[in-house]
Amino acid sequence: MAITDWPEDERPRERLLAHGAGVLSDAELLAIFLRVGIKGKSAVDLARDLIGRFGSLTRLFSAPEQEFAAVPGMGSAKFAQLQAVIEMARRALGEEMRERDLLSSPGAVRDWLRLKLAALPYEVFMVLLLDAQNRLIAADELFRGTLDQTSVYPREVVKLALAHNAAAVIFAHNHPSGCAEPSRADELLTSSLKQALALVDVRVLDHFVVAGNAHPLSFAERGLL
């Protein structure tokens, strides 16, 4: 049955307009983006298939074009549209972080980091550089690969902070394994970086670990800073 044949109060678009996007499931939200289904499947059915095939929205968003376009009903045009939506979300969250005290809007930081890092197949270490009002100046990816004290050099982080005249920083890295728990190496590295930055009066506000669909873990909330 096509969605247009459903009762009006069950259609995703009408429900969104009446009650807001938060009431919709992942599949219903994706169905609104898809707009139409394929023969024998409504847009919601197709959306469920997509999420089931890739495992989650996060993995769907990061799927390469060839793999995405191989799904019946998808293609390069739909892939481009989806990537444009994701990039607009990243930029909107980035604008919010540049305009607001990041300590008062931790949700925006977490959402931005998940969009940026959650689905990457390799490990990335990022530094968010903040001004005296804790607003974002820049976000730099410094290192890729296995994160340990030999791959992340404190002097490079200090140089970056001084180059941007940053008053504070937030660190972030991802765990492609999907487990957000920090390792002992993560804790030692954070301590080493905090000590180095203290010498130039730059505060370390937090260190987030991003892993798949898990809620990004905050060192500050864990009492690890």
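None of the values given here were measured: they were computed from a predicted structure. (Residues numbered from 1 in each chain as written. Predicted model: local features only at pLDDT ≥ 70, side-chain atom pairs only at ≥ 80, totals over all residues. Heavy atoms only, no water.)

> Pulling in residues and values, what's your account of the pairing of strand β1 (residues 124-130)?
Counting buried residues in β1 gives seven out of seven residues, a clear majority hidden from the surface. Alternating residues of β1 divide into Val124, Met126, Leu128 and Leu130 and Phe125, Val127 and Leu129, and every residue in both groups is buried. As defined by bridge partners, β1 adjoins strand β2 (residues 136-144) across seven bridges and the pair is classed as antiparallel. When the bridges of β2 are listed, Leu130 appears paired with Leu136. The hairpin turn running from β1 into β2, its antiparallel successor, is five residues long, and Asn134 in that turn takes a positive phi close to 60°. In the sheet, β1 pairs with strand β3 (residues 168-174) via six bridges, with the strands oriented antiparallel. Residue pairing in the sheet places Val127 in a bridge with Phe171 of β3. (Buried < 20%, exposed > 50% of the residue type's maximum accessible area, 1.4 Å probe, protein only. Helix = DSSP H or I, 4+ residues; strand = E, 2+ residues; numbered from the N terminus. Pairing = 2+ DSSP bridges.)

> Lay out unusual backbone geometry with the relevant residues and their values.
Phi angles above zero are rare outside glycine, and Asn134 is one such case at about 60°. Following the sequence through the fold, Asn134 ends up in the loop between β1 and β2. Residues other than glycine seldom take positive phi values, yet Asn165 does so here, at roughly 55°. Accessibility expressed as a relative area gives 66% for Asn165, which makes it exposed.

> Describe the domain arrangement of the protein, with residues and values.
Split into domains, the protein comes out as domain 1 (3-87) and domain 2 (102-222). If you average the C-alpha positions of domain 1 and of domain 2, the two centres end up 32 Å apart. Taken together, the contacts link four residues of domain 1 with six residues of domain 2. Across the interface of domain 1 and domain 2, roughly 400 Å² is buried in total on both sides, 60% from carbon and sulfur atoms. By the criterion of area lost to domain 2, the three top residues of domain 1 are Thr58, Ser62 and Ile86, representing 73% of everything that side buries. Joining domain 1 to domain 2, the criterion identifies zero salt bridges. (Domains from an automatic or database assignment. Contact = heavy atoms within 4.5 Å. Buried area = accessible area lost by both parts, 1.4 Å probe. Salt bridge = Lys/Arg side-chain N within 4 Å of Asp/Glu carboxyl O.)

> Let's hear about the nonpolar core: which residues, and what values?
Among the nonpolar cores identified, the biggest contains 21 residues, and Leu30, Leu34, Leu50, Leu60 and Met74 are the most heavily contacted of them. For this core, the elements supplying multiple residues, two or more each, are α2 (26-34), α3 (43-54), α4 (57-61) and α6 (76-99). Ranked by residues supplied to this core, first place goes to α3 with seven residues. Sequence-distant contacts of Leu60, that is, excluding residues within four places in its chain, are made with Leu30, Leu50, Phe54, Phe68 and Leu82. Counting 20 residues, the second largest nonpolar core, distinct from the first, contains Leu117, Leu128, Leu130 and Phe208. (Core = buried A, V, L, I, M, F, W, Y, C linked by side-chain atoms within 4.5 Å.)

> Account for the packing of aromatic side chains, with residues named and values stated.
This structure, assessed with the given rule, holds four aromatic pairs. With a centroid separation of 6.3 Å and an interplanar angle of 45°, the aromatic rings of Phe125 and Phe143 are classed as tilted. Pair noted here: Phe125 is in strand β1 and Phe143 is in strand β2, with a separation of 18 residues, a long-range link. By relative accessible area, Phe125 is classed as buried at 1%. Counting every residue linked through ring pairs, the aromatic cluster contains Phe125, Phe143, Tyr153 and Phe171. Its end group placed over the ring of Phe33, Lys78 keeps NZ or CZ at 5.5 Å from the ring centre. The ring of Tyr153 has Arg155 lying over it, and the distance from NZ or CZ to the ring centre is 5.1 Å. (Phe/Tyr/Trp six-rings, centres within 6.5 Å; stacked < 30°, edge-to-face > 60°. Lys NZ or Arg CZ within 6 Å of the ring centre and 35° of its normal.)

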